[in-house]
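Overview (structure and organization)
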Amino acid sequence: MWTLVVLCSVIASCGVRGDNWWTTLAQPEETVTSDASCGGYLHSSSGTFYSPGYPDNYPDHSECIWYLRFGSGIVQLNFPFISIEDHPSCMYDAIYVYDGFNTAYRLLGKVCGNTTATFYSTGVYMTVRFKSDGSISSSGFRADYRVVAQGSCRYNCGYQVGSCSCSSSCEYRGNCCSDYYDYCLASTPETPSTPGDNWWTVDDVVTDQPSCRYNCGSHMGSCSCSSSCQYYGNCCHDYHYECLETTTVPVTTADNREPTHDYFTDFYPSCRYNCGSHMGMCSCENSCQYYGNCCHDYYYECSETTPEAPSTPDYTSCGGYLYGYSGSFTSPNYPSAYPHYADCIWYIRPGYSVIRLWFSSVNIESCGNCGCDSVSVYDGSSTSSSLLGKVCGRNTATFYSTGSYLTVRFRTDSSASYSGFRAFYENGDYFSTESPVTEQPSCRYNCGWNLGSCSCTSSCQYNGNCCPDYYDHCSSTTEWPTTEHPSCRYNCGWNLGSCSCTSSCQYYGNCCPDYYDECSATTPEAPSTTGDNWWTVDDVVTDQPSCRYNCGSHMGSCSCSSSCQYYGNCCHDYYYECSETTPEAPSTPDYTSCGDYLYGYSGSFTSPNYPSAYPHYADCIWYIRPGYSVIRLRFSSVNIESCGNCGCDSVSVYDGSSTSSRLLGKVCGRNTATFYSTGSYLTVRFRTDSSASYSGFQAYYEVGDFFSTESPVTDYFSTESPVTEQPSCRYNCGWDLGSCSCTSSCQYYGNCCPDYHDHCSSTTEWPTTEHPSCRYNCGWNLGSCSCTSSCQYYGNCCPDYYDECSATTPEAPSTTDQPSCRYNCGSHMGSCSCSSSCQYYGNCCHDYYYECPTSTMEPEVTTDQPSCRYNCGSHMGSCSCSSSCQYYGNCCHDYYYECSETTPEAPSTTDQPSCRYNCGSHMGSCSCSSSCQYYGNCCHDYYYECPTSTMEPEVTTDQLSCRYNCGSHMGSCSCSSSCQLYGNCCHDYYYYCPASTTEPVSPDYTSCGGYLYAYSRSFTSPNYPSAYPHYADCIWYIRPGYSVIRLQFSSVNIESCGNCGCDSVSVYDGSSTSSRLLGKVCGRNTATFYSTGSYLTVRFRTDSSVSYSGFRASYEVVDNFSTESPVTEQPSCRYNCGWNLGSCSCTSSCQYYGNCCPDYYDHCSSTTEWPTTAQPSCRHNCGWNLGSCSCSSSCRYNGNCCPDYYDYCSSTTEWPTTATPCGGYLFGSGNFTSPNHPSFYPDNTYCTWRLRASSDQRIFLAFTYLQLESCCECDYIKVYDGSSYMGTMCNNSLATFHSSSNSMTVVFRSDSRVVARGFRAEFISSLPTSSGQVTCSSDNMNIVVQRSYLNSLGYDGDNLYLNNPSCRPQISSSQVIFRFPIEGCGNDKKIENGRVVYTNTLRADTSSYGEITRQVHLKINVACQMDQDSVSQIMYLVEHTGNSSIVGTGKFNTSMNFYTSGSFYYQVTQVPYKVTLNQNLYVQVDLSRQSSNLVIFLDTCVTSPSPHDFENRSYYLVRNGCPVDSTYRPYYTGLRPYARFTFKAFQFLRAAESVYIQCKVLICQASDSNSRCHNPPNCRNRVARDLGTEHDSQTLVLGPIQLRASEKKEEGTKEQDEA
């Protein structure tokens, strides 16, 4: 469409300043508002433009576009002032800045709110778009632009440098950069000789777009430089810059249309003169017939001059142009290996943005940074565009363009070759709040027309064929049809969704109301319900017979009789239609149980107990049999014990009907996965062992045709059978086809092929036995029994095995890897036993405890000690008969008599001796006795195996001794030879051990893991710097004995996957891998970690794929907390109660001085006396910081003085310097002002005050004077609660704030213009709740003050009174308590920050002695702020005067009740409330204590069959103030403090009998005209947003409502009649 835009001649009135303005034509791809102040073309080298109406508010529904187009340089665009409706993602009003010729180019950014911004272009063009919606408006923006730079050819010869070029072609095009001849003339090839028709084919031209420079009036092929291009919409990109003044505008009529052309000509490009070209939004080349994107006059202008529509393109070839809205392509030869030296480029140009591109399958050679073979994706029209990313290896990926082009390049080298990739793309607007551009016809501009595949006429609501956006554009301009139901008129033979106009509707009972009036004579007869083969009628529109009306019958391919539950061939809706009318209906399957049969088209299942830990020895099998292929199975969450090759716990997925089918893969660890079947069956098996247990898995499956280029099979009620890969019984009757069977026995086993009953049921006999038979099955295991020879060994032979198979199968095997106890409990199986005695002899078979422990007796022990006779090489439990017993010292008593000669020598070394079976013993290198806890030499699994079975050690020495421990590490010191290397030998090492240990050898830290005890050390991955091995699992235990430990990774080169999921280093803050994870390291990212204690654990794990050089790491102790080397990690109070240990103390006084050892309260608090004060004391500590408080002079500045600082230290320490006049740290209570107050503050002021209180106090801040510049974006104050934003204050907006923490920050900022007198603020800190508190509700206020606090000020409870002196307190032995109505005792009510606040003052009479008094003047301000959801209380103290403030927050008490009629006179007291369907119900919500200046607004009411769940099954009556239910009617209540409404009773389907109502109400001040209570939302437009004030809200629940008994009976009768 061409729109003539004439810009105004008076520049000032246009909102644009510049040097050159003229009348011009808008670009065909952009529509510019005709308002002169809204958009335009800007060509001058600098200038300014504004939003419409600036500085007044811009109008609603504005859309303006400014085109900044210069001849050279880079554009700088600066927004010094922006005031636009704010939103986190700028979804309402916003400024969009694009780096290019129009809005199809890259988006530089979006701006909204109150801010400033600056942008730079990469070339000579920039486009700015301003858009507003229909609600809030502000003053808009100002924008300044200028040309700031031009590209240089230095270092850029041969390249396009933004607005100019450094390639040789620039001499022809005339766009050489200014210094091209200085740097590049001699280094670039000669200028192309002569221009011609194909001049743009010169190799070094780096632009994809022909230029109009020197070509005005010519047609350039893909675009035009003649004036007609403005009509056809195919102008070259620089036509308006180069040729507009030198060519004639095409002739137009008065209404701006070309003569003799119709409506479409103005909006769509024409094929006249453009045959064979692609026009952007449509095409004039012959391929348009294939893609369906021909321009409107293609067949009129071009069909005879272009060849026939092309055949289906071959996207397996190497590159090409892709114009469709969606499509797919693959690497060459996919899925076979791609060729070497491939270089393929696909140009994806659907004509709309945004494009989503995803790679569903990738198998490409992988090198570092995808340096070998790779796919590169570019965000634009060529490979010189911005690189979005690369793909290689097996990593799938998804990319989004920022415009309407993507370019994909696939390059390979000469080495490895794999199957390549498969990619899909589609067009859509994924990041916009507006509807994306799709291939569906739109009703915009088409209201009242039928568009073919859908309609924009009012009758579409009647016929059910409305276009998707009909209700957005046309519903208000067309009349509503006369019936609410879809009509069969014009729709005979179609299924309309809620009902059907096909003949089959007579069978299924879902005919539309007028089917017999409109269609019965024109559609074939309804299928007969009698006969054996009714399902073969052609026009039945479902692939699956239905059990509706057929309960008890066999339907051929499935069954509606109860036996289907046994044979597993129930029709899909059997359980919905027939389970209650046929015997033995199974209960609803529990898919969280251990295995099941799953027949639905889609579903989910989980491991047992998910998400809790699954059990040990689980063996669960799920048989997924939906009846169609292909099945996709997705594991969305996996947390299963992981061992090598999933050898511990795992999920196995089989491509068929049993676990003997082909294994697709295993899942364990935390790796999610997706599998696809090749047929209509999947089998999933979950097995666990006896060790670790985790949360398990959650899996989903669905049926679809995921690998077809045609639409997948998702319509299960289609008129055609889905194309599947299932074998057919045609010509195969009597044969077993593998995945299914065509023999008669399939009816027994439930594995019949889908068409067995069509071809074979009459030629085969029904099986006659109830048990599985070995006839025809010799050598197979049939599940419940076996026909293999091994059944004789396991005792699970089928009944007729010996009749059918014994002679044809070999004898039972003599040995087996793992004999099973199933069917063999109580028997000895040879290599192991299933009798109870196995527990004594330690030779139980592997599954004994799973199969037999409850059915066998405890063994009768006949000897005191197990014997090695017959058990050489076995571990007997309490002792061992294997050679390792000589090392562990746990040999059975007769081992040397029975076994020493038949077992190899004891191993010389072992990595880590185990305490299993050895509790109480010393293992040599470590110990399993309780004393190991004292000596620090416990074996690694002592605390897992033995702590409950051993006694606490008896301490016999203060220092660890090497006596009896030579060669061992004792924890804080060592008795091994390596102590001489590390310098940590125990005190008597040289007395006991030097002669019995060898000189230490420097450890090899390149090995896989180990214990590191030195103060500093380095270690590396195995084989570093060579490649580390696959399946590595190395753990380093860093235990230097001191904290803090700093660990640095100086070199890292590890395989990188998402979340470091392939190879990685994990760092744990503690002594094992079960400690807190500090982080992971992979890729090439170095890192540094700090421990919080004296341990770090480092684990390095690798998988089976890529291997790199690994890592190098070093650690050191960085904070010993002591000048001397401590002998222990932290002194312990265990065994030291009453002693001072130097750096800390285990005496009771430590509680007074604040120097208790960390475990004092664990060991000594009950055996020592409590000191006289609970807080650290400054006595003897002046000048020191005691941790929780300070005794140095700075404590007065920082506000952390200890309680008795002023008693002991104030005279001996100097006062700190005061804070600067502008900002500073303030503690406790006080006041502060703006600079120079009450005089004027200076320009460009930036001050920050940080208010602090003690950790158990809060802060109350009040502004008593405020005068700032009348511009909230210019001068302002911001207040923060800790780091959380609380509010902003502008001129004349006094406010108060109270913190939820012990800190508050105040920031004051002014600009460089107007100044004022500033502000004054006061702040006070709270008392602890142990001294006083206030609680409040909508009914009462309660003030509690501790008498101990009053006594410290010289007062007693009798002295206190409120604003109303007649309100007196109740006085107990410890408290003074005021309890009174919230509206009483002189309470003052006001609105602060949109909330209701009640205030009062607590005072005390002073007693005087002549001219003096020894009492502090007491005045406590009390306030209750009515909050939304919580109740908290704070009391504030002004230290220097004794004045205090008590502030609390509370919530209003509201209630909701039923009334008998609309007069709301009689309240319903019946519970539950018995009603009839469609009975009018009347509800009132009101405040428990009514107030004339409060009103209620009914925001949302939702109903549910459960009082605890208003999310999953809910039905709204009113939502966000807008009615949803058609029977809902609110009552107008004016300014009264209650709300009323009525609706008609209903009942939830398939749910309990009760209905509950939950309502959310807002409570507002009656005088607040800006509140939502006074401004209900406009329910016809967008949902209303907050208007600026806050409100109190309450949520109430009312119910239950139940139908009367007669109503239920009538409902049941109605259901029976329908049946």
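Residues numbered from 1 in each chain as written. Predicted model: local features only at pLDDT ≥ 70, side-chain atom pairs only at ≥ 80, totals over all residues. Heavy atoms only, no water.

Observations regarding the overall build of the protein chain
Stated formally: Only DSSP runs of H or I covering at least 4 residues are called helices, and only runs of E covering at least 2 are called strands; the numbering of each starts at the N terminus. Here, residues are in contact when the closest pair of their heavy atoms is within 4.5 Å. Accessible surface is estimated by sampling points in the Shrake-Rupley manner with a 1.4 Å probe; for residues, cover comes only from the protein chains shown.
Summing up its helical and strand segments, the protein chain has 32 helices and 70 strands in all. Across the protein chain, contacts joining residues at least 24 apart in sequence account for 63% of those joining residues at least 6 apart. Total accessible area on the protein chain is roughly 83,000 Å²; 47% of this is exposed by carbon and sulfur atoms.

Overview of the side chain of Thr407
As a reminder, the rule being used: Each residue gets one of three labels from its accessible area relative to the maximum for its type: buried under 20%, exposed over 50%, partly exposed in between, using a 1.4 Å probe on protein chains only. Think of a polar contact as two N or O atoms within 3.5 Å of one another; within protein, one of them needs to be a possible hydrogen donor and the other a possible acceptor, and neighboring residues in sequence only count if both atoms come from side chains.
By secondary structure assignment, the location of Thr407 is in strand E22 (residues 406-411). The exposure class of Thr407 is buried, given its relative accessible area of 0%. Reaching out from Thr407, the side chain makes a polar contact with the backbone nitrogen of Ser382 at a distance of 3.2 Å. For Thr407, the contacting residues outside a window of four places in its chain are Ile345, Trp346, Tyr347, Ser376, Val377, Tyr378, Gly380, Ser381, Ser382 and Thr383.

A few points about the sheet that holds strand E63 (residues 1480-1487)
Under the convention used in this document: Strand pairing is assigned whenever DSSP identifies at least 2 bridges connecting the two strands. A fitted line through C-alpha atoms represents every axis, and for helices the fit uses only the stretch in contact; the resulting angles, taken between N-to-C directions, go from 0 to 180 degrees.
Pairing is antiparallel in the open sheet, where four strands are placed in the order E61-E63-E68-E67. Unpaired on one side and paired on the other, strand E61 (1454-1459) and strand E67 (1529-1531) mark the two borders of the sheet. Each strand axis lies, on average, 20 degrees off the axis of its neighbour in the sheet, ignoring direction. For E63 and strand E68 (residues 1538-1544), the ladder comprises seven bridges, and the chain directions are antiparallel. Opposite Leu1481, over in E68, you have Phe1543 as the bridge partner.

A short note on the packing of aromatic side chains
To describe a pair of aromatic rings, one takes the distance between the centres and the angle between the planes. Quick reminder of the rule: Classification of ring pairs uses Phe, Tyr and Trp, with its six-membered ring standing for Trp, and accepts pairs whose centres are within 6.5 Å; under 30 degrees between planes counts as stacked, over 60 as edge-to-face, and the remaining range as tilted. Charges are assigned to positions over rings by a cutoff of 6 Å between ring centre and Lys NZ or Arg CZ, combined with an angular limit of 35 degrees from the ring normal.
Under the counting rule described, the total for this entry stands at 67 aromatic pairs. Ring plane angle 85 degrees and centroid distance 6.1 Å describe the contact between Phe329 and Phe421, whose orientation is recorded as edge-to-face. Here the residue Phe329 occupies a position in strand E16 (residues 326-330), and Phe421 occupies one in strand E23 (residues 420-427), the gap between them amounting to 92 residues. For Phe329, a relative accessible area of 1% gives the class buried. The class for Phe421 is buried, based on a relative accessible area of 0%. Between Phe1100 and Phe1111 the ring centres are 5.4 Å apart and the planes differ by 80 degrees, which places this aromatic pair in the edge-to-face class. Of the two residues, Phe1100 is situated in strand E40 (residues 1096-1101) and Phe1111 in strand E41 (residues 1110-1117); the sequence distance between them amounts to 11 residues. Comparing Phe1100 with Phe1111, the two get one shared label, buried. Among the aromatic side chains, those forming a connected cluster through ring pairs are Phe49, Tyr58, Trp66, Phe79, Phe119, Phe130, Phe141 and Tyr145. The side chain of Arg129 reaches across the aromatic face of Tyr96, ending 5.5 Å from its centre.

With respect to unusual backbone geometry
Look at the link from Tyr1024 to Pro1025: it is a cis peptide, with omega at 5 degrees. Looking along the chain, the bond that leaves Val1471 and enters Pro1472 is cis, with omega of -5 degrees. As for its position among the elements, Pro1472 is in the loop between E61 and strand E62 (1473-1475). Phi is positive for Asn333, close to 75 degrees, though the residue is something other than glycine. Mapping Asn333 onto the fold places it in the loop between E16 and strand E17 (343-348). Taking the relative accessible area as the measure of exposure, Asn333 reaches 45% and is therefore partly exposed. Backbone geometry places Tyr341, a non-glycine residue, at a positive phi of 55 degrees. On the basis of relative accessibility, which here comes to 64%, the residue Tyr341 falls in the exposed class.

A word on the nonpolar core
Spelled out, the test is: Residues belong to a common nonpolar core when they are buried Ala, Val, Leu, Ile, Met, Phe, Trp, Tyr or Cys residues joined through side-chain atoms within 4.5 Å.
Grouped together as the largest cluster of nonpolar side chains are 56 residues, with contacts concentrated most on Met1341, Ile1343, Phe1458, Leu1498 and Phe1541. Sorting elements by how many residues they give to this core places strand E69 (residues 1555-1565) first, with five residues. Sequence-distant contacts of Phe1541, that is, excluding residues within four places in its chain, are made with Phe1464, Leu1481, Tyr1482, Val1483, Leu1498, Cys1501, Leu1517, Tyr1528, Arg1529, Pro1530, Tyr1531 and Cys1559. Listed in part, the 29 residues of the second largest apolar core include Phe49, Leu77, Ile95 and Phe141.

Some points on the sheet that holds strand E18 (residues 355-363)
Spatially, the four strands line up as an open sheet ordered E16-E23-E18-E21, and their pairing is antiparallel. In the strand order of this sheet, the two ends are held by E16 and strand E21 (397-400), each with one partner. Sheet twist, expressed as the average angle between the axes of neighbouring strands with direction ignored, equals 15 degrees. With five bridges joining them, E16 and E23 adopt antiparallel strand pairing. In the sheet register, Phe329 faces E23, and the bridge partner there is Ala423.

As for the environment of Cys318
As for its position among the elements, Cys318 is in the loop between helix H8 (298-301) and strand E15 (320-322). In this structure Cys318 comes out as partly exposed when scored by relative accessible area, which is 42%. In this structure, the C-alpha to C-alpha distance between Cys318 and Phe329, residues 11 residues apart in sequence, is 9.6 Å. Leaving out residues up to four positions away in the same chain, Cys318 has contacts with Pro332, Asp343, Cys344 and Trp346.

Section: the confidence of the model for the protein chain
Where we set the bar: pLDDT is a residue-level measure of predictor confidence that goes from 0 to 100.
With 78% of its residues at a pLDDT of at least 70, the protein chain reaches an overall mean of 76. No element of the protein chain has a lower mean pLDDT than strand E3 (residues 24-25), which averages 28, and none a higher one than strand E37 (residues 1064-1068), which averages 96. Residue range residues 1215-1220 is modelled with pLDDT below 50. Its contacts to residues more than four positions away, or to other chains, number eight contacts.

Some details on the pairing of strand E35 (residues 1033-1038)
As paired strands, strand E33 (residues 1010-1012) and E35 are joined by three bridges and run parallel to one another. Across the sheet, residue Tyr1011 finds its bridge partner in E35, namely Tyr1037. Bridging between E35 and E40 involves six bridges; their strand directions are antiparallel. Across the sheet, the residue bridging to Cys1034 is Phe1100, located in E40.

Focus: the environment of Tyr145
Within the element layout of this structure, Tyr145 appears in strand E12 (residues 140-149). The class of Tyr145 is buried, set by a relative accessible area of 3%. Taking the C-alpha atoms as reference, Tyr145 lies 8.0 Å from Ser45; in sequence the two are 100 residues apart. Within the local environment of Tyr145, its side chain forms a polar contact with the side chain of Ser44, the two groups lying 3.0 Å apart.

Quick notes on the pattern of salt bridges
The condition that has to hold: Only one rule defines a salt bridge in this text: a Lys or Arg side-chain nitrogen within 4 Å of an Asp or Glu carboxyl oxygen.
Applying the stated criterion across every chain, the model contains 17 salt bridges. The salt bridge partner of Asp619 is Arg685, with a shortest N-O separation of 2.9 Å. Note that Asp619 is positioned in strand E26 (residues 619-624) and Arg685 in strand E31 (residues 682-687), a separation of 66 residues in sequence. Residues participating in the shared-partner salt-bridge network are Asp343, Arg409 and Arg411.

Structural notes on the pairing of E69
Extensive coverage of E69 is indicated by the burial of nine of its 11 residues. Pairing geometry for strand E64 (residues 1494-1504) and E69, over 10 bridges, is antiparallel. Across the sheet, Leu1498 pairs through a bridge with Val1561, a residue of E69.

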